[in-house]
Amino acid sequence: MTQQKVIFNVLAKDITNAIEIVKVAGDRILVGLMVKSFPDIQSIINEVKLYKDHHIPVSVGLGAGDPTQWKKVADVSVKTIPDHINQVFPASAYTLGRMEEVGSTKTIINALIEPSGIPGKVLISTGPNSSKWRETVSVGLAASMLAEIGVDSVKFYPIDGDQRLDEVAEMVKAATGAGIKVFEPTGGITLENVERIVQTCLENGAQIVIPHLYTSLVDKDSGETRISDIERLISMDW
C-alpha cells in the first residue's frame, strides 16, 4: 500500500528564502513560481532554472488561478521540467502531452476543478473562455475524464478554508475511485485549518495531499515566508 504523504505548496520571496524553506522541509515542500508575476517567458524560465540549480522543488503556477496564463505555464514547463505544474482543466491534457514529448514522466500535473457550492457537483470549465459557462457536472464525471487522459492530480480551488469540507470530501472520493492518487486543496488554507482540511482528504482516500498555503505564511513586513510556520507545518502528524 502506498504510504499517505502530505506535501506543502508554498511561496518564497526569493531564492534565499526558498533555500531556507527547503533546508527545513526537504521533500515535504514545493515552492511555487507564478508565471503571471513575470513580464515574459524567458524571465520565468530563468527563475525556475535558478531554483532547480539550488535543488529547490518547483511548482509552476498560473497566478491566482488565472486561466489566461495556461499556455505560458505549458511553455515554461517544457523548457524547465519542474517538479509540479498547476493547470486549468481544459489545458491539462495538452500540457501532459507536451511534457511526455520532452520525456518528463515524474512531474505532477494537476487540473483545476472549481467547487460549485453543491456537494457532488463541480465546475470543470476553468479555462479562459469556458469559465464564462457556469454549468456543473458530477464529481464522478470530472474525475473519470482526468483519469482517461492520465492527469494524476486534482486541484480543488477555491475551497474557502474549511468552509467546503463536504464538497472536498465528495471530490476526493470521486478522484480516488477513478484512480487519481493526488489531491490539492487550495484557497484560504492557514496553519489553523490545514489539519482539518488534510485529514478530510486522507479520510476519503487521497494518497498524497498537497495543500497550497501561500499568503497566510508570508510575513507582511519582510515579504518572506516565515520559516517558523514551515517548521510548524512539518511537525504536524497525520
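The rules behind these values
Residues numbered from 1 in each chain as written. Predicted model: local features only at pLDDT ≥ 70, side-chain atom pairs only at ≥ 80, totals over all residues. Heavy atoms only, no water. Axes fitted to C-alpha atoms, helices over the stretch in contact; angles between N-to-C directions. Helix = DSSP H or I, 4+ residues; strand = E, 2+ residues; numbered from the N terminus. Parallel < 35°, antiparallel > 145°, perpendicular 65-115°, else oblique. Left-handed = near helix turned anticlockwise from the far one by under 90°. Contact = heavy atoms within 4.5 Å. Nonpolar A, V, L, I, M, F, W, Y, C, P; charged D, E, K, R; others polar. Buried < 20%, exposed > 50% of the residue type's maximum accessible area, 1.4 Å probe, protein only. Polar contact = N/O pair within 3.5 Å; in protein donor to acceptor, adjacent residues only side chain to side chain. Phe/Tyr/Trp six-rings, centres within 6.5 Å; stacked < 30°, edge-to-face > 60°.

Draft legend 1. Representation of the packing of helix α2 (residues 41–53) against helix α3 (residues 70–80) in the model. At a minimum axis separation of 10 Å, α2 and α3 run at an interaxial angle of 45°. Comparing their axes, α3 and α2 come out oblique. Once α2 is placed against α3, the crossing between them reads as right-handed. Between α2, through Ile41, Ile44, Ile45, Val48, Lys49 and Lys52, and α3, the contact on the second element is made entirely by Lys72, Asp75, Val76, Lys79 and Thr80. Residue composition of the contact of α2 with α3, by class: five nonpolar, one polar and five charged.

Draft legend 2. A look at the side chain of asparagine 9. As for its placement among the helices and strands, asparagine 9 is situated in strand β2 (residues 8–10). Residue asparagine 9 is classed as buried on the basis of its relative accessible area, which comes to 0%. A polar contact of 3.1 Å, which involves the side chain of asparagine 9, links it to the side chain of serine 59. Ignoring any residue separated from it by four or fewer positions in sequence, one finds asparagine 9 in contact with Leu30, Gly32, Ser59, His84, Ile210, Pro211, His212, Leu213 and Tyr214.

Draft legend 3. Inspection of the side chain of serine 125 at higher detail. With respect to the secondary-structure elements, serine 125 resides in the loop between β7 (121–123) and β8 (137–138). Only 2.8 Å separates the side chain of serine 125 from the backbone oxygen of tryptophan 133, close enough to count as a polar contact. If we skip the residues at most four places from it in the chain, serine 125 touches Ser130, Ser131 and Trp133.

Draft legend 4. Local environment of the packing of aromatic side chains. Taken as a whole and judged by the stated rule, the model has two aromatic pairs. Judged by centre distance (5.8 Å) and plane angle (55°), the rings of phenylalanine 156 and phenylalanine 183 are tilted. Remark: phenylalanine 183 occurs in strand β10 (residues 182–185) and phenylalanine 156 occurs in strand β9 (residues 153–156); sequence separation between them is 27 residues. Grouping residues by exposure puts phenylalanine 156 and phenylalanine 183 together as buried.

Nothing here speaks to function; it is geometry throughout.
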